[in-house]
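# Per-entry structural report
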Amino acid sequence: MRRNRLAATAALATALSVTAAACGGGSSTGSEGTNDKPKELTYWASNQGTSLEHDKEVLTPEIEKFEKETGIDVKLEVIPWDSLLDRILAATTSGQGPDVLNIGNTWSASLQATDGLLAWDDKTLDKIGGKDRFVPAALAAAGAEGRPPAAVPLYSLSYALYYNKAMFAEAGIEEPPATWDEFVDVGKKLTKDGKYGVAVEGGNPVENSHHAFVFGKQHGADFFDAEGNPTFDSPEAVAAVKQYVDFLANDKIAAVGNAEYAQNQSIKDLATGKAGMLLWQAAGSSLKAHGMKPEEYGVAPVPMQSENPPEGQNVNSMVAGINIAVFKNTDNLDGALDFVEFMTSNETQLALNSTYGSIPPVKEAQEDRAFSSTDLTVLREVLSTTSAPLPQVPDEAQFETLVGDAMKELFADAAAGDEVTTESVQKRLTEAQQQMQK
Amino acid sequence: MTATALDTPPAGPGDKPPAGRGAARKRRRTGRGRVRRGALPYLLLLPALLLELLIHLVPMAVGVVMSFKELTQRYIRDWGEAPWAGLDNFRIAVDFDAPVGEALLRSFFITCAFTVLAVGFSWLLGVTAAILMQDAFRGRGLLRAIFLTPYALPVYTAVITWSFMLQRDNGLVNHVIHDQLGLTSQPTFWLIGDNAFVSLVLVSVWRTWPFAFLVLTAALQNIPREVYEASAIDGAGIWQQIRRITLPSLRPVNQVLVLVLFLWTFNDFNVPYILFGKSAPESADIISIHIYQSSFVTWNFGAGSAMSVLLLLFLLVVTAGYLLLTSRGRKAASA
């Protein structure tokens, strides 16, 4: 009996070391990609359409063109936003991932730091037509300053103020608000009979953090200092976050129920007339999906603190958008570069961006008439004049989570009837910063 | 354990299972060819063992290694290169005066409270329903099937439905409580703020109690009817029967059941994650989600692993203590 047990233990130990060694093999990653499988590509697309299915319908015809041109078989997978980053991290760790993938452009610097993505130095960029093809602001949101970008821009987006024209007319409002004071005034006029001035996505940390960034810029706050260290709880940052949360907490122009919105319910609220205004990026196709026709809503730039804000504070959107990257462990490097070239070609850019309601980051494609409709003109102008990229530092992803979460809790406090004060905002933001474990 | 299984001849349909520990012990002593056949069970177990190694033990071992490394985003691509951090990750995790440790400790206490409540209610519901359904009556099969439904549903489908039902503005729960019954003056928030904890316990109990019910129903089948009949003749009422016959007979099953429920609930990731998403509200900041946040969302896998290792140690200690305590109690009871 004892001998048997001993033998079994030995067998176990052997098996353990064998499997452990097998696992270790996966993490030997020094290569810059190979061309071992020149006829296959895996592409992870982000969810840009109204559903994953919609994305497949949009992307498949374009990808078929590429397959016909090159003879490369492209496997497409559309990945929802809430799991995309986890999937990328897992792929980076294991070395087993797609060849080409979409990333949220705010993750660029964070993912750049993992060294899992192919660096786009000038030589590589030349293979897809050179960096001059891209709008500089969009390319600036593709990695830390002074380093070769970790990705190239694919779709550009900006925030805008969407408003319900009928509700504005009914309340006698002629112009969309240009400052936040006007915004709150308009909001108060619209707030009556169970309807509200604005809908906010209070339970969605990422969405919150984007607004924190823009309000922060307007107050002169950056959430990171020059060395890339977090400064979440500066007085300016506190003022910025409080101003946004106050729409629900003190101005009461947003419904308390918004505090738990995290599934894009705010778009639905605008479309169904439950709220008169919405701060969103490229809401067009989603509003349409909820039955709101393009002539029923107006699009204006997001308000500023004053009519003429000082230089550096005249920011009313982040440079939002999607970048396309090549995974360093690809086994079809040339094919991957060809695919990125195809995706950023003028024709593909035109087709995809016009369907998704985004702006092409490729200069030439942007000039097409398809992007001169009123709402897209607004988005385009904001992008080229008054937008700023989120901090391109390795810890950016943590900012989105921690500050966004703190704001979620502040909304929850307000919804529960607790007062939101400068002190309570300060406390939450300090706590968020302390969670940065360095 | 394996020896018992081996030496017992395969049970045919007519065979009675060994009546108790005494019988099993006797068979083991008289078993022949033990040494020759000794290798067979290991051979049969080998595939399962290998898979168990691959799926559970190796990742655990890797996790333990990771917990001693400074595994941030800079090193995840080639995590062999990550510098050794010694005990730093653990030090940060258990430094309860500093923010990170304090948050972990708070999350730990919330998880304890949640586990006690969820396991308690699940067990209570399970045992009550099982006892009530012990006697045959019309519709018993149907009721049993209905009771088991939550357990049979895929967890994602079930919990996402709950998250819709618990929405403040459009949810079914508030529609009934507020709109129809008028019990509250304002619609209640169930998914944010302090009520999130209540929702979590509720959904978790709803998910778990059918399992308790199932196991206890099976266990009740083993209590001979004659014991009840005899006690009834002696004048025992229903409460006395439950207290003196049913519950003592269920004791060995309960011992395992409560332990399993405890481990599942304490470690549960699916229910809170589906209910609240990546960032649970403070009141329902369960430790599994907290660790997920600490590793995936802040990209510090070393720290996350250190917290997981601490959790593993805690659960091991509790399990060992529990088994020691209950088996000693059982020995005392049977002596």
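In this text the structure is predicted, and so the values were computed from the model without any measurement.

For the rest of this paragraph, the subject is the overall build of chain B. Helices and strands together make up the secondary structure of chain B, namely 15 helices and zero strands. Every one of the 335 residues in chain B was classed for burial, and the buried ones make up 30%. Across chain B, every contact between residues at least 6 apart in sequence was considered, and the portion connecting residues at least 24 apart equals 64%.

Residues and elements named next belong to chain A. Ordered by their spatial adjacency, four strands build an open sheet running S6-S7-S5-S8, and the pairing between neighbours is mixed. The outermost strands of the open sheet, each flanked by one partner alone, are strand S6 (196-199) and strand S8 (297-300). Neighbouring strand axes in the sheet, compared pairwise and without regard to direction, differ in orientation by 25° on average. By the bridge criterion, three bridges tie S6 to strand S7 (residues 275-281) in an arrangement that is parallel. The residue bridging tyrosine 196 from the neighbouring strand is alanine 275, located in S7.

Between chain A and chain B, the contact holds 41 residues from the first and 40 residues from the second. When residues of the side of chain A that touches chain B are traced back to their parent elements, those giving at least two are helix H1 (2-26), helix H3 (81-94), helix H4 (108-114), helix H17 (396-415) and helix H18 (422-434) of chain A. Class assignment of the residues belonging to the side of chain A that touches chain B gives a composition of 17 nonpolar, 16 polar and eight charged.

Let's shift gears to the domain arrangement of chain A. Think of interface size as the accessible area that goes away when the parts come together; that is how it is often given. All names here are of chain A. Taken domain by domain, chain A comprises domain 1 (40-157 + 320-388) and domain 2 (159-318 + 392-434). The C-alpha centroid of domain 2 is placed 27 Å from the C-alpha centroid of domain 1. Taken together, the 25 residues of domain 1 in the interface contact 23 residues of domain 2. It is helix H16 (residues 374-385) that provides the largest number of residues to the side of domain 1 that touches domain 2, a total of five residues. Per-class residue counts for the side of domain 1 that touches domain 2 are twelve nonpolar, eleven polar and two charged.

Before going further, it helps to spend a moment on the confidence of the model for chain A. Mean pLDDT over chain A stands at 89; residues scoring 70 or higher make up 92%. When the criterion is pLDDT under 50, residues 8-30 of chain A qualifies, and its contacts beyond four places in sequence or with other chains add up to 24 contacts.

Next up on the list: the environment of glutamate 260 of chain A. Along the chain, the position of glutamate 260 of chain A falls in the loop between helix H10 (235-249) and helix H11 (265-271). On a C-alpha basis, the gap between glutamate 260 of chain A and phenylalanine 411 of chain A in space is 8.1 Å, while along the polypeptide they are 151 residues apart. Those residues within four positions of glutamate 260 of chain A in sequence are excluded, and the remaining contacts are Gly202 and Gly203 of chain A together with Gln167, Arg168, Phe189, Leu191 and Ile192 of chain B.

Time to look at the sheet that holds strand S1 (residues 40-46) of chain A. Residues and elements named next belong to chain A. Spatially, five strands are ordered S2-S1-S3-S10-S4 in an open sheet, and the strand pairing comes out mixed. Looking along the sheet, the strands with just one partner apiece sit at the ends: strand S2 (73-79) and strand S4 (152-157). Each strand of the sheet is rotated relative to its neighbour by a mean of 20°, with strand direction disregarded. The pairing of S1 with strand S3 (residues 100-104) spans two bridges and is classified as parallel. The partner of tryptophan 44 across the bridge, within S3, is leucine 101. Against the sheet, helix H2 (residues 52-70) makes contact with S1 and S2, and its axis sits at roughly 160° relative to S2, the strand it touches most.

Once that is clear, we can look at helix H8 (residues 180-190) of chain A. All names here are of chain A. Along H8, the residues classified as buried are Trp180, Phe183, Val184, Val186, Gly187 and Leu190. Axial view of H8: buried residues confined to an arc of 160°, hence all on one face. Buried residues along H8 sit against helix H7 (165-170), S6, H10 and S7.

What follows deals with the nonpolar core. In this structure, Tyr162, Val198, Val241, Leu248, Leu278, Val340 and Val403 of chain A are the most contacted members of the largest nonpolar core, which totals 182 residues. Element by element, the count of residues in this core is highest for helix H10 (residues 195-221) of chain B, at twelve residues. Split by domain, the residues of this core number at least three in each of domain 1 (40-157 + 320-388) and domain 2 (159-318 + 392-434) of chain A. Those residues within four positions of tyrosine 162 of chain A in sequence are excluded, and the remaining contacts are Leu270, Met277, Leu278, Trp280, Ala283, Tyr297 and Val299 of chain A.

Once that is clear, we can look at unusual backbone geometry. As a rule of thumb, non-glycine residues mostly have phi less than zero, and peptide bonds are mostly trans rather than cis. Residue and element names in this part refer to chain A. With phi around 65°, aspartate 115 is a residue other than glycine that occupies positive phi space. For aspartate 115, the location among the structural elements is in the loop between H4 and helix H5 (122-127). Residue classification places aspartate 115 among the partly exposed residues on the basis of 17 C-beta atoms within 10 Å. The backbone of aspartate 193 sits at a positive phi, close to 50°, despite the residue not being glycine.

The rules behind each value
Within every chain, residues take consecutive numbers counted from 1 along the sequence as written. Starting at A for chains and at 1 for ligands, labels are handed out in the order in which the entities are written. Given that the model is predicted, a residue must reach a pLDDT of at least 70 before its local features are reported, and side-chain atom pairs must reach 80 or more before they are shown or counted; all residues, however, enter totals for whole chains, interfaces and linings. Secondary structure elements follow DSSP: runs of H or I of four or more residues count as helices, runs of E of two or more count as strands, with numbering from the N terminus. Here the C-beta atoms are placed from the backbone, and a residue counts as buried if at least 20 other C-beta atoms lie within 10 Å of its own, exposed if 12 or fewer do, and partly exposed otherwise. For the purpose of contact definition, each residue receives a C-beta atom placed from its backbone, and two residues are in contact when these atoms lie within 7 Å. Whether two strands pair comes down to DSSP finding at least two bridges between them. An axis is simply a line fitted to the C-alpha atoms; with a helix, the fit covers only the stretch in contact. Between two such axes, the angle follows the N-to-C directions and lies from 0 to 180 degrees. Residue polarity follows a fixed list, in which Ala, Val, Leu, Ile, Met, Phe, Trp, Tyr, Cys and Pro are nonpolar, Asp, Glu, Lys and Arg are charged, and the others, Gly among them, are polar. These domain limits were set by an automatic method or by a database of domain assignments. pLDDT runs from 0 to 100 and stands for how confident the predictor is about each residue. Each C-beta atom gives one direction from the helix axis, and the arc is the one those directions make. Any set of buried Ala, Val, Leu, Ile, Met, Phe, Trp, Tyr and Cys residues joined through C-beta atoms within 7 Å is what this text calls a nonpolar core.

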